[in-house]
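Each chain, letter by letter, is given below.
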Amino acid sequence: MVRATGARPSWSQPEHGMPVPAPLVATARHLWHCQWQRLMDGLAAAGPEGDFLRRPSQFSDGIDAVDPQALEAPRLVVGRSCPWAHRLWLLRSLRGLETTLALTIAEPDPAGGRWLLPEPLHGCHTLAQLYRRGGGDRRRRATVPLLVSDGGDGLRLIGNDSAALLPLLDRWPAERPSLEPPGRPAAERELSRLWAERLQHQVNDGVYRCGFARTQAAYTRAATALFTTLEALEQHLTTGGPWIAGDWPSLADVRLFPTLIRWEAVYGPLFGCSRRPLWSFPALWRWRARFHALPGVAETCWPDAWRRDYFGALFPLHPSGLVPEGPDLARLVAAEPPDAATMTP
């Protein structure tokens, strides 16, 4: 079929059926954009220029003063899809805390907007009930991760801030050594701290600032900061390594892995973190493979759950709810990146 010059684009003039009038398309776009903004308000907060704003954790104060040996029946509540919970799950596995720190894997309930507990904890069937029973703010979301224990009068909520909980788990009594013990060189511990802080804002949170941006300018700012940091880390690992702060993993490595392991499954296709593919960073690519090969790490990775929970639940970002397929994670991670000399950044 030959179309005349100036004809409507094919998306508004289907081969079968009546053509969609351009004014109707424009009206639908405007109405959808207004509704999308309202839906995004319920999903995540934003600043006046459209930048994603992460709400502070409810329970982060005093975690550095917690004595893990004084906790009675401590339990870590995580979700398979949450990267913030994943970092704690990783550290629990790396340090072999299975016998001293119980694990509960909550299941998301997108229809109800809540996390379901696989078995009752302190008489609670949902994470929200657990938060309320422990004194959490009813107006705030109940999120994973969450560290709880039995208190003198029942349930005690220790904290839900993963950044604050990581050092606590790193000094948790265990047969396997801490990643950042007091005996580790001060320069390495400082390097880990500096990178951890930068990664937290520009990479771990940066992918969300890309995905939840409300304006093109906000997205561009987030993407620029994200890839600038990845480029800096690529250079750092190329000249140093094999880990971020020396010859063995640090807490900075633990912070980075949950973000990079979800890259092809979620953050690239859904959040728009697509300026450069991850394989175009050879040092980062091989760093990810090394970390994935550490004992116990692969068992914490659930790519099918990641795709299901992100694509199926984040309606404002993916209204169809269709869950895409993905490559086998172990084969993807183990694959060699293309020759850097043939790549164009």
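Visitor: Let's hear about the pairing of strand S4 (residues 102-109): which residues, and what values?
Guide: By the bridge criterion, five bridges tie strand S3 (residues 72-79) to S4 in an arrangement that is parallel. Within the sheet, the bridge partner assigned to Val 77 lies in S4 and is Thr 104. By the bridge criterion, three bridges tie S4 to strand S5 (residues 114-121) in an arrangement that is antiparallel. Bridging from a neighbouring strand, Glu 107 pairs with Leu 116 of S5. The antiparallel hairpin formed by S4 and S5 contains four residues in its connecting segment, where Gly 113 sits at a positive phi of about 60°.

Visitor: Now, about the environment of Ala 293: what can you tell me, with residues and values included?
Guide: With respect to the secondary-structure elements, Ala 293 resides in the loop between helix H10 (282-292) and helix H11 (303-313). Of the residues examined, Ala 293 reaches a relative accessible area of 60% and is grouped as exposed.

Visitor: Please set out the packing of aromatic side chains residue by residue, giving values where relevant.
Guide: Tallying each qualifying case throughout the model produces 16 aromatic pairs. Ring centres 6.5 Å apart and planes at 35° place the aromatic pair Phe 52 and Tyr 208 in the tilted group. With Phe 52 in strand S2 (residues 52-53) and Tyr 208 in helix H6 (residues 206-211), the pair connects residues that are 156 residues apart, well separated along the chain. Accessibility classification places Phe 52 together with Tyr 208 in one group, the buried group. Seen from their ring centres, Phe 271 and Tyr 310 are 5.8 Å apart, and the 70° between their planes marks the pair as edge-to-face. Of this pair, Phe 271 sits in the loop between helix H9 (263-267) and H10 while Tyr 310 sits in helix H11, and the two are 39 residues apart along the sequence. Using a relative accessible area of 7% as the deciding quantity, one classes Tyr 310 as buried. Each member of the aromatic cluster is reached from another via a ring pair, and the members are Phe 52, Trp 84, Tyr 208, Phe 212, Tyr 267, Phe 271 and Tyr 310.

Visitor: Can you lay out the environment of Gln 69 for me, pointing to particular residues and giving the numbers?
Guide: The topology assignment puts Gln 69 in the loop between S2 and S3. A residue is classified by how much of its surface remains accessible, and Gln 69, at 64% relative accessible area, is exposed. Spatially, the C-alpha atoms of Gln 69 and Pro 173 are 7.4 Å apart, while their sequence positions differ by 104 residues.

Visitor: So what's going on with helix H8 (residues 251-260)? Residues and values would help.
Guide: For H8, the tally of buried residues reaches ten of ten residues, placing the bulk of the element in the interior. Of the positions making up H8, those classed as buried are Leu 251, Ala 252, Asp 253, Val 254, Arg 255, Leu 256, Phe 257, Pro 258, Thr 259 and Leu 260.

Visitor: An account of the side chain of Asp 161 is needed here, citing residue identities and associated values.
Guide: Here Asp 161 lies in the loop between strand S8 (154-159) and helix H4 (162-170). Among buried charged residues, Asp 161 stands out as having no salt bridge; its nearest opposite-charge side chain is Arg 87, 6.2 Å away. Discounting residues that sit within four places of it in the chain, Asp 161 has contacts with Ser 57, Phe 59 and Ser 60.

Visitor: Help me get a handle on the packing of H8 against H10, residues and values and all.
Guide: At a closest axis distance of 10 Å, the pairing of H8 and H10 adopts a crossing angle of 105°. Judged on the interaxial angle alone, H10 and H8 are roughly perpendicular. Every residue of H10 that contacts H8 at Asp 253, Val 254, Leu 256, Phe 257 and Leu 260 is listed here: Leu 284, Trp 287, Arg 288, Phe 291 and His 292. In the contact of H8 with H10, the residues fall into seven nonpolar, one polar and two charged.

Criteria and cut-off values
- Residues numbered from 1 in each chain as written.
- Predicted model: local features only at pLDDT ≥ 70, side-chain atom pairs only at ≥ 80, totals over all residues.
- Heavy atoms only, no water.
- Pairing = 2+ DSSP bridges.
- Helix = DSSP H or I, 4+ residues; strand = E, 2+ residues; numbered from the N terminus.
- Buried < 20%, exposed > 50% of the residue type's maximum accessible area, 1.4 Å probe, protein only.
- Phe/Tyr/Trp six-rings, centres within 6.5 Å; stacked < 30°, edge-to-face > 60°.
- Lys, Arg positive; Asp, Glu negative; His and termini not counted.
- Salt bridge = Lys/Arg side-chain N within 4 Å of Asp/Glu carboxyl O.
- Contact = heavy atoms within 4.5 Å.
- Axes fitted to C-alpha atoms, helices over the stretch in contact; angles between N-to-C directions.
- Parallel < 35°, antiparallel > 145°, perpendicular 65-115°, else oblique.
- Nonpolar A, V, L, I, M, F, W, Y, C, P; charged D, E, K, R; others polar.

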